[in-house]
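# What the coordinates show
Listed below are the residues making up each chain.
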Amino acid sequence: MTPGRRKARTVWSLIKAVVLLGLLLFSVYFGVLLYRANDTVENMSTIMSQAASKPTVIWSADGVKLAEFRANMQEPATLAEIPKNMENATIAAEDKRFWQHSGIDPIGIARAGWTSLTGGQLQGGSTLAQQLAKRLFTSQERTVSRKVQDMALAIQLERKLTKEQILELYLNQVYYGSGAYGVKAAARVYFGKSLEKVTLGECALLARLPRRPSAENPFVDRKAAIRNRDTVLGLMLDQELITKTEYDNAKAEKVRLAERRAVAQGDWKAPYAVSEAVRELRGILDSDQVYEGGYKIELTLDYRMQKAAEDALDRVIRASRGRGVTDGAAYLMDLQGRTLVLIGGSDFQRDQFNMITQGLRQPGSSFKPLMYSIAFELGELTPNSIVYDTRHTYGGLGMQPYTPDDSDGKYMGHITVRTALKLSRNAAAVYANDKVGPGRVAQEIQSRFGFSNKIRPVLSLPLGATEVRPIEMASAFSVFATGGNRVQPYLVARVTGPDGTVLHKGAPIIRREVLSRDTADAIDSILRDAVRSGTGRAAARVPNAHGKTGTTSLHKDAWFVGYAGNYVGLAWVGNPVFDAGSKRWVYRPMHHVFGGAVPILIWRDMMLEIAKLPGVDLEQRTMDAPQETSTGVTVRVCLDSGQLATSACAHTERQRFVPGTQPTAYCPLHVPDNAGPNGTGKSPDNAVIVQPHEEIDSPEASTSNVDDMVTIYICADSGLPANPYCPEAVPRSFKKGKVPRGVCRKHGP
């Protein structure tokens, strides 16, 4: 024997020894499982009663039971009551060798394993006894040890019970979706029939439901349910359980469903949040485990806050019905991403569509802060840049002429970005968007703020000419509240299985530094101004409130998106009406409903009530944020002109700027009596780089160099120093001491 053959023989002997040892160890392990399974099956009656009565419960973060799912539609049936076609359809669909094997099907396991290994559709190979064992005794986790445990339990079930008893148990225990446990309940829920009246086609449709009872039931996806029915009928024909004529007739049956029951139970609290949690759970649990009972679901939702928001929403909508407001939604999260309030509509029994998470609506002018933040970030504008709120028609190169205007029908002329955003001036926003480039702005907004729907690169983008999900707008505004971080919300905090095992823990997802701290702080400051003296004044009673209003064309949508303290959220109102012709909901205009008049009241009242709760402080933000930049320029500016303030400026504020972007000229609108260098329009010599929390004021009129001439902006109509509302302002030079007194009174807001 050659050395090579001896080596191969040795390796082969070693492989056989390892395999034999593995088989021996597995046999011992499986023998132990069989022994334990025997004891488990002996207590089957107790376990069955527990399985039938223990519900899945959904809890709020503050310990309020929001909903529970129990087998309240479970209606036991004897095998004699179950049609033979239902038995045959179930066996054909789930366990074709049911009558031959002893609890496990080696052929089925081998076929499933081979299909999975060769890249086919993943298959389970589980027998009815194994599925029953999983339902009654073990968990839903997909592990090898759990599968082996199910096999041992299935063998013991087959030893203790007859095939008929196993089949009867299965058909009474399995979940068919829509709250129906057992085939008798399923016949009533889906077809409104007693079990004995179910047709062959209906039996085949039901038989496949346990695989995906929520996603492929006929209420949710009729086409998928019919495809599954036809698959089962084909299997029954192949296994000679029905004739070709029966097969053809059953395939030709029209699916006639019973009227669908309302999804929510009468005692559900926060039903939109509960239904959204169930959707979120589908990415955590297998199929419909939540409906099978025994799970504890803990949400981030705070029911005290939820109730305050529900009361505010109901009160404002009732008061606004005369203006065509028929629906509304509200949302609130904290700056760690925990969803605290989720109201997807005003009437869950009427319509389960969740506007907050599923809706795609135009946000109106609440989109302006996003556009301006991109302009700041790209260095195209600063809060004190001058933009043109003037009548201008955009067009050319095949474009349809477009002339933006405002609801008041007026234009304010040359104004600062701060004033334009605070007062929500449309023409100025379109000018700024055109200056930066709509394509560039849309791309940056998409990537930085994380919207799932494509942002349209159009001139009217800052006016909300694109569709977004409300929950994503809340996430977008978190960027301004956190100094540049985007917080993604979540709702499910913890999932605990029937055996006490924690299956899932929610955690915050925070995208760091999607904007620079300076840009985020600049928008944050303007959003505060918008509430104090802009379009969001109706929310001024809320401590430390920041926010932006939004109203779409024809008043089909009205928004307010805002934040205070550690909380960011929004309110939306609309007028959806069900159109019988198209069989869908359409949104009709409301009557002069603005973001600053209706939804802002919902947000305001919600926040004022929340502020009364223990531990809530709207004055402070504790969200972790990146460190501030090491240097910055802080100067006092005039809020009317955006330039360095003089002693004559009435509305001033200290503002911090990235070095090089600070204003360098004095306010031309407010000239002190002594008209020193403040009236010259020259750059100050002492704007210095300082640490972030240090502040300096712009120089007062004093001993700096004095020019012979003073240049200020004059209103072309009145000849007096222009104010921000003058439609045309022109620079004009005057000799020192000859500067016109006062400010133009002809033009105002």
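A brief look at the structure comes next. (Residues numbered from 1 in each chain as written. Predicted model: local features only at pLDDT ≥ 70, side-chain atom pairs only at ≥ 80, totals over all residues. Heavy atoms only, no water.)

For the rest of this paragraph, the subject is the overall build of the protein chain. A count of helices and strands for the protein chain gives 22 helices and 22 strands. Put simply, the protein chain has 749 residues, and 53% of those count as buried. If you take every contact in the protein chain between residues at least 6 apart in sequence, the share linking residues at least 24 apart comes to 67%. Put simply, the protein chain shows about 33,900 Å² of open surface, and 51% of that area lies on carbon and sulfur atoms. (Helix = DSSP H or I, 4+ residues; strand = E, 2+ residues; numbered from the N terminus. Buried < 20%, exposed > 50% of the residue type's maximum accessible area, 1.4 Å probe, protein only. Contact = heavy atoms within 4.5 Å. Areas by Shrake-Rupley, 256 points an atom, 1.4 Å probe, with all protein chains shown as cover.)

Turning our eyes to something else, we now look at the sheet that holds strand β15 (residues 557-564). In spatial order, the strands read β5-β4-β16-β15-β14; together these five strands make up an open sheet with antiparallel pairing. What marks the edges here is a single partner per strand, and that holds for β5 (339-343) and β14 (546-551). Geometrically, the sheet is characterised by an average inter-axis angle of 10° between neighbouring strands, direction not taken into account. Here β15 runs beside strand β16 (residues 567-574); their pairing, made up of eight bridges, is antiparallel. Looking across to β16, one finds that G562 is bridged to G569. Along the sheet, helix α21 (residues 517-533) contacts β14 and β15; its crossing angle with β14, the most-contacted strand, is approximately 70°. (Pairing = 2+ DSSP bridges. Axes fitted to C-alpha atoms, helices over the stretch in contact; angles between N-to-C directions.)

Okay, helix α14 (residues 303-320) next. Between its first and last C-alpha, α14 extends 25 Å over 18 residues, near the 26 Å set by a 1.5 Å rise per residue. Within α14 the residues assigned to the buried category are Y303, M305, Q306, A308, A309, A312, L313, V316, I317 and S320. (Expected span 1.5 Å × (residues − 1).)

Further remarks concern the side chain of N485. With respect to the secondary-structure elements, N485 resides in the loop between α20 (470-481) and β10 (486-488). With a relative accessible area of 0%, N485 lands in the buried category. A polar contact is formed between the side chain of N485 and the backbone nitrogen of E513, at a distance of 2.9 Å. (Polar contact = N/O pair within 3.5 Å; in protein donor to acceptor, adjacent residues only side chain to side chain.)

Another aspect to go through is the sheet that holds strand β1 (residues 56-59). Backbone-to-backbone hydrogen bonds join strands into a sheet, with any given pair of strands oriented parallel or antiparallel. A sheet is described by the order of its strands in space; here five strands give the open sequence β2-β1-β3-β11-β12, paired in mixed fashion. Looking at strand neighbours, the two that pair on one side only are β2 (65-69) and β12 (502-505), the edges of this open sheet. Mean inter-strand twist for the sheet, computed between neighbouring axes without regard to direction, equals 15°. Pairing geometry for strand β3 (residues 296-299) and strand β11 (residues 492-496), over four bridges, is antiparallel. Bridge pairing in β11 places L299 opposite V492.

Counted according to the given criterion, the structure contains 31 salt bridges. Here K184 makes a salt bridge to E81, at a shortest N to O gap of 3.8 Å. Within this pair, whereas K184 is found in helix α8 (residues 183-191), its partner E81 is found in the loop between β2 and α3 (84-94), the two being separated by 103 residues in sequence. In this structure K184 comes out as partly exposed when scored by relative accessible area, which is 27%. Residue R418 pairs with D529 through a salt bridge whose shortest N-O separation is 2.5 Å. You can see R418 sitting in helix α17 (residues 417-422) and its partner D529 sitting in helix α21, a full 111 residues away along the chain. For the pair R418 and D529, one class covers both residues: buried. (Salt bridge = Lys/Arg side-chain N within 4 Å of Asp/Glu carboxyl O.)

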